[in-house]
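Below, each chain spelled out in residue letters.
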Amino acid sequence: MSRSRRRPVKTTGTLPPEGSAAAMGRGHALPVRQWPITLVLAVACAGLAVTWFGDFKYGLLTVGGALLLGAALRLTLPEVGMLAVRSRFTDVSVLTLLGGVIVLLTLVAQPDPWLRLSLLDNVGQLIGRQHR
């Protein structure tokens, strides 16, 4: 006689990420309780607005800075609410990598890069194009 296996009504065995509790108590409005992610999103939106309406380099530096701010908040605060997605190590690593790449690419963007890397001077030759 075989027993039928039924799926559990509630998911079991999955724990929330460390530090995923709200940063403030239920007596506050949702954006205030979740102030770390609200702050990071506000800075990123400001950066996108600057990119759209002003200088793209300052805007993208602000977007990259928002990701680095998120990494710093995730690293230092015990509870960050919805900013916690995976383990602390994974969240900080991914946010730092993405923020750093955005900042670095913005600094070397043409025309008139703010940071010159000698490796990029001959990038055409690196990808197989002949310089004439």
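Please read all numbers here as calculations on a predicted model, not as lab measurements.

Side note on the overall build of the chain
Right, so step 1: Regarding its fold elements, the chain presents six helices and zero strands.
Right, so step 2: The order of α-helices and β-strands along the chain, N terminus first, is α-α-α-α-α-α.
Right, so step 3: For the chain, with 132 residues in total, the buried portion stands at 23%.
Right, so step 4: Restricting to contacts in the chain with at least 6 residues of sequence separation, those with at least 24 account for 59%.
Right, so step 5: On the chain, roughly 10,100 Å² of surface is accessible, and the fraction owed to carbon and sulfur atoms is 64%.

Points about unusual backbone geometry
Right, so step 1: Despite not being glycine, Asp112 has its phi angle at roughly 55°, a positive value.
Right, so step 2: As for its position among the elements, Asp112 is in the loop between helix 4 (88-107) and helix 5 (118-121).

Observations concerning the pattern of salt bridges
Right, so step 1: Counted according to the given criterion, the structure contains one salt bridge.
Right, so step 2: Where Arg74 meets Asp91, a salt bridge forms, and the shortest distance between an N and an O atom there is 2.8 Å. Here the residue Arg74 occupies a position in helix 3 (residues 56-76), and Asp91 occupies one in helix 4, the gap between them amounting to 17 residues. Exposure class is identical for Arg74 and Asp91. Each is buried.

Considering the layout of surface pockets
Right, so step 1: What the largest pocket holds in volume is close to 170 Å³.
Right, so step 2: Surrounding the largest pocket, Ile37, Val40, Leu41, Ala44, Leu67, Met82, Leu83, Val85, Thr90, Asp91, Val94 and Leu95 form its lining.
Right, so step 3: Along the lines of polarity and charge, the residues of the lining of the largest pocket split into 10 nonpolar, one polar and one charged.

Some words on the nonpolar core
A general feature of soluble globular proteins is that nonpolar side chains tend to end up buried together.
Right, so step 1: Judged by nonpolar contacts, Ile37, Val40, Leu73, Val80, Leu83 and Ala84 together constitute the single largest core of six residues.
Right, so step 2: Residues contacting Val40, with those up to four places away along its chain left out, are Ala66, Leu69, Gly70 and Leu73.

Here's the deal with a nonpolar patch on the surface
Right, so step 1: Taken together, Met24, Val32, Trp35 and Leu39 make up a surface patch of nonpolar side chains, about 300 Å² in accessible area.
Right, so step 2: By secondary structure assignment, the location of Leu39 is in helix 2 (residues 35-53).

So, the confidence of the model for the chain
Right, so step 1: Scored by pLDDT, the chain has a mean of 85; 85% of the residues are at 70 or more.
Right, so step 2: Per-element confidence in the chain is highest for helix 3, whose mean pLDDT is 96, and lowest for helix 6 (residues 123-126), whose mean pLDDT is 64.

Digging into the side chain of Arg33
Right, so step 1: Relative to the elements of secondary structure, Arg33 occurs in helix 1 (residues 30-33).
Right, so step 2: Other than its neighbours up to four places away in sequence, Arg33 contacts Ala22, Ala23, Met24, Gly25, Arg26 and His28.

Conventions adopted
- Residues numbered from 1 in each chain as written.
- Predicted model: local features only at pLDDT ≥ 70, side-chain atom pairs only at ≥ 80, totals over all residues.
- Heavy atoms only, no water.
- Helix = DSSP H or I, 4+ residues; strand = E, 2+ residues; numbered from the N terminus.
- Buried < 20%, exposed > 50% of the residue type's maximum accessible area, 1.4 Å probe, protein only.
- Contact = heavy atoms within 4.5 Å.
- Areas by Shrake-Rupley, 256 points an atom, 1.4 Å probe, with all protein chains shown as cover.
- Salt bridge = Lys/Arg side-chain N within 4 Å of Asp/Glu carboxyl O.
- 1 Å grid on protein atoms, 1.4 Å probe; cavity = no way out; pocket = protein on both sides within 12 Å on 5 of 7 lines; lining within 4 Å.
- Points joined across faces, edges and corners; volume = space filled by probe spheres on them.
- Nonpolar A, V, L, I, M, F, W, Y, C, P; charged D, E, K, R; others polar.
- Core = buried A, V, L, I, M, F, W, Y, C linked by side-chain atoms within 4.5 Å.
- Patch = residues over 30% accessible without salt bridge, like charges linked within 9 Å, V, L, I, M, F, W, Y side chains within 5 Å.
- pLDDT = per-residue confidence, 0-100.

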